[in-house]
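An overview of the molecular structure
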Amino acid sequence: MNIIVCTKQVMDPEAPPARFMVDTATNKLILPTDIPPVIDPYSEYALEAALKLRDKYAGTITAISLGNNLLREVIKKPLSMGADELVLLEDELFADGDSWLTAKILAIAITKIDAYDIILCGRQSADRDAGQVGSGIAEILKLPVITVARKIDIAGGKVLVERVTDDGYETIETTLPTVITVSNEIGEPRYPTIRGIMAAKKKEPTIWKSTDLGIEPSELGVGGFRSHLVKLLKPVYEGKCEIIEGETPEEAASNLAGRLRQEKLL
Amino acid sequence: MTEYKGVMVLVESTEGKLANITRELLGCARKLANQLGEELSAAVLGNQVAALAQEVIAYGVDKVSLADNPILEHYSNESYTNIMEVILNQVMPKVLLIGQTAIGRDLAPSLAFRLGTSAITDCIELSINVESGQLLQTKPVYGGNLMATFVSECCPQIATVRPKAYSPMEPNNSKQGKIINIDIKPETAPARTKVVSKVSQSKEGVRLEDAAVVIGGGRGIGSAEGFKQLEELASLLGGAIGATRPPCDNGWIQDAAQIGLTGKIIAPDFYMAIAISGSSQHISGCSGAKNIIAINKDTEANIFNVARFGIIGDWKKVIPTFTEKIRQLLTE
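Residues numbered from 1 in each chain as written. Chains lettered and ligands numbered in written order. Predicted model: local features only at pLDDT ≥ 70, side-chain atom pairs only at ≥ 80, totals over all residues.

With that out of the way, let us pick up the nonpolar core. If you look at the biggest cluster of nonpolar residues, it comprises 131 residues, and the most contacted ones within it are Val5, Leu106 and Leu120 of chain A together with Val44, Val56 and Leu97 of chain B. Not counting the four nearest positions on each side in its chain, valine 5 of chain A is found in contact with Ala46, Leu47, Ala50, Ile61, Ala63, Pro78, Ala83 and Leu120 of chain A. Core analysis: the second largest hydrophobic core is formed by 54 residues, Leu233, Ala243, Ile276 and Ile295 of chain B among them. (Core = buried A, V, L, I, M, F, W, Y, C linked by C-beta atoms within 7 Å. Buried ≥ 20, exposed ≤ 12 C-beta atoms within 10 Å, placed from the backbone. Contact = placed C-beta atoms within 7 Å.)

Turning our eyes to something else, we now look at unusual backbone geometry. Proline 177 of chain A follows leucine 176 of chain A through a cis peptide bond whose omega is -5 degrees. Secondary-structure assignment places proline 177 of chain A in the loop between strand E11 (168-175) and strand E12 (178-182). In the segment running from cysteine 155 of chain B into proline 156 of chain B, the intervening peptide bond is cis, with an omega of -10 degrees. For proline 156 of chain B, the location among the structural elements is in the loop between strand E10 (146-152) and strand E11 (157-161). Of note in this structure, asparagine 27 of chain A is not a glycine but carries a positive phi near 60 degrees. Here asparagine 27 of chain A falls in the partly exposed class, since 15 other C-beta atoms lie within 10 Å of it. Backbone geometry places methionine 92 of chain B, a non-glycine residue, at a positive phi of 50 degrees. Within the secondary structure layout, methionine 92 of chain B lies in the loop between helix H3 (77-91) and strand E6 (95-99). (Helix = DSSP H or I, 4+ residues; strand = E, 2+ residues; numbered from the N terminus.)

Below, the discussion takes up the environment of alanine 234 of chain B. Residues and elements named next belong to chain B. Residue placement: alanine 234 occurs in helix H5 (residues 224-236). A residue is classified by how many C-beta atoms lie within 10 Å of it, and alanine 234, with 23 of them, is buried. The residues touching alanine 234, leaving out its near neighbours within four places in the chain, are Ile215, Gly239, Ala240 and Ile241.

Here we come to the sheet that holds E12 of chain A. Within the open sheet, the 10 strands sit side by side as E13(A)-E7(A)-E6(A)-E1(A)-E8(A)-E12(A)-E9(A)-E10(A)-E11(A)-E13(B). Their pairing is mixed. At either margin of the open sheet sits one strand with a lone partner, and together these are strand E13 (206-208) of chain A together with strand E13 (193-200) of chain B. Strand-to-strand twist of the sheet, defined as the mean angle between neighbouring strand axes without regard to direction, takes the value 30 degrees. Where strand E9 (residues 145-155) of chain A lies against strand E10 (residues 158-164) of chain A, six bridges are found, and the strand directions are antiparallel. In the sheet register, isoleucine 154 of chain A faces E10 of chain A, and the bridge partner there is valine 159 of chain A. Of the strands in this sheet, strand E1 (2-7), strand E8 (118-122), E9 and E12 of chain A are in contact with helix H5 (residues 133-141) of chain A, which crosses E9 of chain A at around 70 degrees. (Pairing = 2+ DSSP bridges. Axes fitted to C-alpha atoms, helices over the stretch in contact; angles between N-to-C directions.)

Residue and element names in this part refer to chain B. Here the domain parsing of chain B yields domain 1 (7-188) and domain 2 (208-331). The gap between the C-alpha centroids of domain 1 and domain 2 is 33 Å. Listed per partner, the contact involves seven residues of domain 1 and nine residues of domain 2. Residue classes in the side of domain 1 that touches domain 2 are distributed as two nonpolar, three polar and two charged. (Domains from an automatic or database assignment. Nonpolar A, V, L, I, M, F, W, Y, C, P; charged D, E, K, R; others polar.)

Following both chains from N to C, one finds helix H7 (residues 249-262) of chain A and helix H8 (residues 315-331) of chain B inclined at 40 degrees, their axes separated by 8 Å at the closest point. Taken together, the axes of H7 of chain A and H8 of chain B lie oblique to each other. Here the hand of the crossing between H7 of chain A and H8 of chain B comes out right-handed. Contact residues: H7 of chain A offers Pro249, Glu250, Ala252, Ala253, Ser254, Leu256, Ala257 and Arg261 of chain A, while H8 of chain B offers Lys317, Val318, Thr321, Phe322, Lys325, Ile326 and Leu329 of chain B. (Parallel < 35°, antiparallel > 145°, perpendicular 65-115°, else oblique. Left-handed = near helix turned anticlockwise from the far one by under 90°.)

Structure, rendered in structure tokens:
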């Protein structure tokens, strides 16, 4: 079985909220120089799903990443976690794409890879939080898509996917090839092993630029977008918390109950 | 963009009744339609949903596209994308609003790519630039750390709207509108996917997303037993129980209890955040609460930036006394 996993390099979403600063002139995030980027945690769940499938049914995992200025020590993490191959779509023209263009370039690259049974993506990315690229790839390649998966199984050539719903989950049966987007309910991504890290060091990724994919520069950048970001802001919360004191935590608790009653909140 | 006119809402229902999210969307869509000076339309998909089509007219909908067929009984990405493509090509609305629900977050991107337009998901604020007819779509990005406003280049401009971002509209039975029946072709049916079973994990009692009182626990709760204590407080106040992601991932509480960007969006009157540091991910899902009360050991915890009242201390010492005191106050 051939599995393709789309992974992404993003600013560390666990960085303190105050470190997410905006350059108001360009409406772009100011990337802090002291906080290294990471593989998007959502795409790590997709990779974990791929590894679970390979553990059970064997096969090959190809991780594919799209972007510009991809740091090798970051972007190779899927290899150290156990992916077999890494394809980097790296071109300065690939920077800051919208969902439309991102899905389009990935779909072209996946078509070039050719051998695939399952394409996995994170349920969304930790930067734009859009949750569209997986569905976009499916629509472009005319494949079925199942989003926000918590479990994936294969039986008799059919794929069984548990999809998270508003009050639980539903099991959907589909055929191969298919696109599945993965949620955190799939389980914690495994840590890279020493062997994996050594193998990743030696492994050279395949690198494709726009010309390798036959995409014209006019189709890339702003000209290839279907949506535009016009404003990026940092939300401001009014930090006006009344701290309820007490000699002991118990006394504070009692005072809080009284204060809430006074405010008619209880 | 000029051949596209009006605003459309995709209608969702829960147990045969108009879903809250749909009433919220209709309120928002009516304002946008008025700004444009154009019609408000709705799409109703399902099995035996004619009454629903009639119901939305009371919410000021001028035209309803009704796709009523047994193959639409359950949501499927394939059949809904197929039928919405037909409806949108017929009605050609400038704007399509869908709820950011299990259905909306699945359908909107597929539909946008099918039609060659864009979708902006999880919007919390929408307005129209009247000159250009463009929809300004604002949504949290970077895990809720930043807010971004997007515009679309193509029509229909599809936006999914977060639950509770807008107040629900009240019906007015004197309103009139037209229902257009959509012809369902056999190829609309899902060909490649099939829903084989559904599992509901929601607990008896108040639904988390509708509760007026929510008690939430974070990683610091430490165990399933810890959540039992919070449940006691929640039931005392007639509220629901929620959590951040780590307790769900650790199995201390069911996954459906997760509050945040990728979980439930809540906007209760009273939200008590216990042992929750307040990641942007979580705050994004609870900042609509009218009163946030935070209990945390860490003075620097981000949750105190959004809370109205707080105690800096160990929840294990605070909550038993607090619960007892509340019990007393409620029986007085």
